[in-house]
Amino acid sequence: MPNDEIAVLANPTAGRGRHRVLLPGVLQRLGAAGHTVRLLTAGTGAQAEQACRRAVADGVAALVAVGGDGTVHRALQAVAGTGVGFGVVPAGTGNDFAAGTAAARERPEGVPDGRERPEGVPDGRERSEGVPEGSLHAAEAIAGALRDQRDHRVDLGLVRLADGSRRWFGTVLAAGFDAVVNERANRMRWPRGRRRYDLAILLELARLRSREYTLGLDGAEHRFAGPLVAVGNCPSYGGGLRILPDADPADGLLDVVIAAPLSRVALARLKPLLRLGTHIRDPRVTTFRAKSVQLDAAGIIGYADGERIGPLPLEITCEPGAVRLLR
């Protein structure tokens, strides 16, 4: 049975713990429209997902993620495809889902998959009002959207693994050098924090090699060798790296980027360009769009929303309007 509760998943370590100060104000603003606010408790990521699934099964009015992209990723596993409203209060180190969906317009009526647009219909890449940057403003916007019964349908990526399991993601799935770096960093116990990731980059650059990939785009197969592969629903990952600058989470399509074989120096020089998204001007970089993507390579573990997904091969599809975003 539907109820008037807002269930809130908050990551206690998001933004290096800054959310602890913000959380009371966020909860107060979420309840300003008269809804009961329930803070979900969980000690691990798996427990967080279970708590979100129970809340959605209980018929909550909305599920709200307070944190970064990792927190959003956990909540999406419960809310995707259910019709339950979803709100994001960006309070993490990386808030790429909030930023990417803020830039997305509503999908025009009669244009469900983004392949054809009537003349004069905006293409969804103009920046418009969306998820506010400030956590308290975001909470107010979510409460207002619930009060006014206002939401925006946005797409999600759906990953199917070889073992039959499925994972939703909101931003970018990495399956090249960045995924290898993530896997290396997760195995390291020292140093802590950002320095561990920086060290993992240096270690993996030292052993950089191109991988042999098989890439399927809506059934058309491509084979190539290279160090960089990413599949995106939103433009950025990693806290603002615009790996797919033209990706729009309301066009019904996934954006894909690959790079030809690069030397260590060339890859190091390419990475700073990601902040502006200008790397796609490099002739060694190629982009595609597709509704479904099949990706295979030996020895690669895919990461989406910064979270470990599993080994390739992976089948990735864009699921149009999979979540009702409250903003």
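Caption draft 1: Quick peek at the side chain of arginine 327. Relative to the assigned elements, arginine 327 resides in the segment after strand S16 (314-325). Residue class for arginine 327 comes out buried when judged on its relative accessible area of 8%.

Caption draft 2: Layout of the packing of helix H6 (residues 177-187) against helix H7 (residues 194-206). Axis separation between H6 and H7 bottoms out at 9 Å; the angle between their running directions is 120 degrees. As far as their axial angle goes, H7 and H6 are oblique. Of the two possible hands of crossing, H6 and H7 adopt the one that is right-handed. Listed contacts from H7 to Phe177, Asp178, Val180, Val181, Asn182, Arg184 and Ala185 of H6 are Arg196, Tyr197, Ala200, Ile201, Leu203, Glu204 and Leu205. Residues of the contact of H6 with H7, tallied by class, amount to nine nonpolar, one polar and four charged.

Caption draft 3: Examining the pattern of salt bridges more closely. Counted according to the given criterion, the structure contains 17 salt bridges. Between arginine 29 and glutamate 140 there is a salt bridge whose closest N-O contact spans 3.1 Å. Remark: glutamate 140 occurs in helix H5 (residues 135-148) and arginine 29 occurs in helix H1 (residues 19-30); sequence separation between them is 111 residues. Judged by relative accessible area, arginine 29 falls into the partly exposed class, the value being 25%. A salt bridge links glutamate 204 to arginine 184; its shortest N-O distance comes to 2.9 Å. With glutamate 204 in helix H7 and arginine 184 in helix H6, the pair connects residues that are 20 residues apart, well separated along the chain. The buried category is assigned to glutamate 204, whose relative accessible area is 4%. Sharing partners across several salt bridges, the network here consists of Glu49, Arg53, Arg74, Arg167 and Glu307.

Caption draft 4: Representation of helix H2 (residues 45-57) within the structure. Taking 1.5 Å of rise per residue, the 13 residues of H2 would be expected to cover 18 Å, and the 18 Å separating its terminal C-alpha atoms lies within 8% of that figure. Along H2, the residues that are buried comprise Ala48, Glu49, Ala51, Cys52, Ala55 and Val56. Down the axis of H2, the buried side of the element spans an arc of 160 degrees, and every buried residue falls inside it. Facing away from the buried side of H2, by more than 90 degrees, are the exposed residues Arg54 and Ala57. Along its buried surface, H2 packs onto strand S1 (5-10), strand S2 (36-39), strand S3 (62-67), helix H3 (69-79) and strand S6 (166-169). Immediately downstream of H2, the backbone of glycine 59 shows phi near 85 degrees, a positive value.

The rules behind each value
- Residues numbered from 1 in each chain as written.
- Predicted model: local features only at pLDDT ≥ 70, side-chain atom pairs only at ≥ 80, totals over all residues.
- Heavy atoms only, no water.
- Helix = DSSP H or I, 4+ residues; strand = E, 2+ residues; numbered from the N terminus.
- Buried < 20%, exposed > 50% of the residue type's maximum accessible area, 1.4 Å probe, protein only.
- Axes fitted to C-alpha atoms, helices over the stretch in contact; angles between N-to-C directions.
- Parallel < 35°, antiparallel > 145°, perpendicular 65-115°, else oblique.
- Left-handed = near helix turned anticlockwise from the far one by under 90°.
- Contact = heavy atoms within 4.5 Å.
- Nonpolar A, V, L, I, M, F, W, Y, C, P; charged D, E, K, R; others polar.
- Salt bridge = Lys/Arg side-chain N within 4 Å of Asp/Glu carboxyl O.
- Expected span 1.5 Å × (residues − 1).
- Arc of directions from axis to C-beta.

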